[in-house]
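Each chain is listed here by its residues.
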Amino acid sequence: MRPVSTRVMNLATLLTQAARDGASDIHIEPYERASSVRFRVDGTLRDVVRPKKALHGALISRIKIMSQLDIAEKRVPHDGRVTLRIGEIEWHWVAACLVAAMLSMDSFAQVQRALLRSAGLRVTQWKSLSVILAANSLSQTMPGGQVLAPAFTYRETRKWGATPVIASWQVVMSGLLAGIGLAVLGFGGALLAGAKTSPFSVVFSVAGFLAVAVVLQYLASHPESLKSTGIRVLGWVNQLRNKPEEHGTEKLFETLEQLRAVQLTKRDTSVAFGWSLFNWVADVGCLMFACWAVDAHPSISGLMVAYAAGKAVGSAIPLLPGGIGVVDAVLVPALTSAGMPAADAI
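Residues numbered from 1 in each chain as written. Predicted model: local features only at pLDDT ≥ 70, side-chain atom pairs only at ≥ 80, totals over all residues. Heavy atoms only, no water.

Student: Help me get a handle on unusual backbone geometry, residues and values and all.
Tutor: Even without being glycine, D42 reaches a positive phi, approximately 55°. The phi angle at D295 is positive, at roughly 65°, despite the residue not being glycine. Examined against the element boundaries, D295 turns out to sit in the loop between α10 (266-293) and α11 (300-316). (Helix = DSSP H or I, 4+ residues; strand = E, 2+ residues; numbered from the N terminus.)

Student: Summarise the pairing of strand β3 (residues 44-49); cite the residues concerned and give the values.
Tutor: Relative to β3, strand β2 (residues 35-41) is paired through five bridges, and the arrangement is antiparallel. Within β3, the position partnered with V37 by the bridge is V49. Taking the residues between adjacent antiparallel strands as the criterion, β2 and β3 are bridged by two residues, where D42 takes a positive phi near 55°. (Pairing = 2+ DSSP bridges.)

Student: Give me the nonpolar core: which residues, what numbers.
Tutor: Counting residues in each nonpolar core, the largest one holds 26 residues, and the members touching the most others are L303, Y307, L335 and M340. Put simply, the parts of the chain that give this core at least two residues each are α3 (91-118), α6 (164-192), α10, α11 and α12 (326-337). Examining the composition of this core, we find that six residues originate from one element, α10, more than from any other. Residues in contact with L303, not counting those within four places in the same chain, are V284, L287, M288, C291, P298, L335 and A338. (Core = buried A, V, L, I, M, F, W, Y, C linked by side-chain atoms within 4.5 Å. Buried < 20%, exposed > 50% of the residue type's maximum accessible area, 1.4 Å probe, protein only. Contact = heavy atoms within 4.5 Å.)

Student: Break down the sheet that holds strand β1 (residues 25-30) for me, with residues and values.
Tutor: Taken together, the three strands give an open sheet; going across it, the order is β1-β2-β3, and neighbouring strands pair in antiparallel fashion. Strands at the two margins of the open sheet, each flanked by one partner only, are β1 and β3. Neighbour to neighbour, the strand axes of the sheet diverge by 30° on average, direction disregarded. Across the sheet, helix α1 (residues 11-21) touches β1, β2 and β3, and the angle it forms with β2 is around 25°. (Axes fitted to C-alpha atoms, helices over the stretch in contact; angles between N-to-C directions.)

If you want it as structure tokens, here you go:
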């Protein structure tokens with residue numbers, strides 16, 4: 001029997017291999033240090049893979065979601081059913097998925113370049129893209145990856161010559177632009193779907209992101225406005241720590257001076273936001289091509305709302321790698337509501 005690689009193991013892979021091997025049962029059992037996945041073939045249990053124990057709960061939750069069972073109920077036996085499409089994939093749409101995914105990563109690298117360029121730091125597209133790909137890998141594959149990825153990006157931009165202030169500013173601004181783009185995407189999908197709910201909540205969210213971005217940009221362009229406030233706050237901190245009143249002022253002035261390097265013009269802002277929005281559009285395109293690959297055709301508006309909801313939920317729980325389990329719980333019902341058969345959505 002061909003073993004399943006632990007690097008690419010997911011539930012669809014397990015079910016597909018089980019069907020091809022003629023397995024009558026799949027046993028997923030937790031042990032002290034790892035889980036065990038075994039297939040029963042011709043009456044004999046055969047070891048297939050031993051995933052990390054941390055993935056056991058997510059794998060079981062995924063099964064319950066696919067079978068439309070209550071993921072919170074763990075004390076009684078469950079009886080569910082799921083239909084899986086195997087061997088009917090249109091591979092040209094899979095290729096389109098890969099192209100869309102690369103365009104998404106490339107566009108986010110363009111956002112990073114535009115922001116750093118406004119601070120006087122120029123990097124090549126390839127160098128920026130390599131960091132984006134590595135950060136995305138951290139975010140999608142490691143527990144707490146969504147926290148580790150910005151730290152990795154910060155460290156790499158420091159290696160390029162960015163000051164601590166510029167590196168931090170770039171990470172924060174790219175996140176804000178991404179948040180605005182995601183809100184616009186979800187709002188647009190809701191409007192196309194004919195949502196009758198008030199749009200004010202989304203408008204306020206976008207306005208909030210914009211307000212924070214504008215304030216940060218103003219402070220970066222006018223660091224002198226922070227000088228008196230910074231000195232006052234530093235004085236209070238020094239009193240609490242029993243330090244001289246002037247302690248740390250030199251570092252404060254150095255930080256404010258670094259902020260002067262940021263000159264984010266309207267053109268740079270438009271370019272950065274345009275690439276950020278295109279990043280989300282390419283991601284939705286990737287999801288759409290994936291649906292077409294299994295011969296399912298949900299509505300475009302439904303795809304936009306489903307993607308925005310899944311991304312928002314995944315970002316809200318950063319400890320799970322790639323939001324595994326949680327994103328599925330939102331994405332599958334949303335795709336089904338968009339007109340996609342449940343089996344194809346899974």
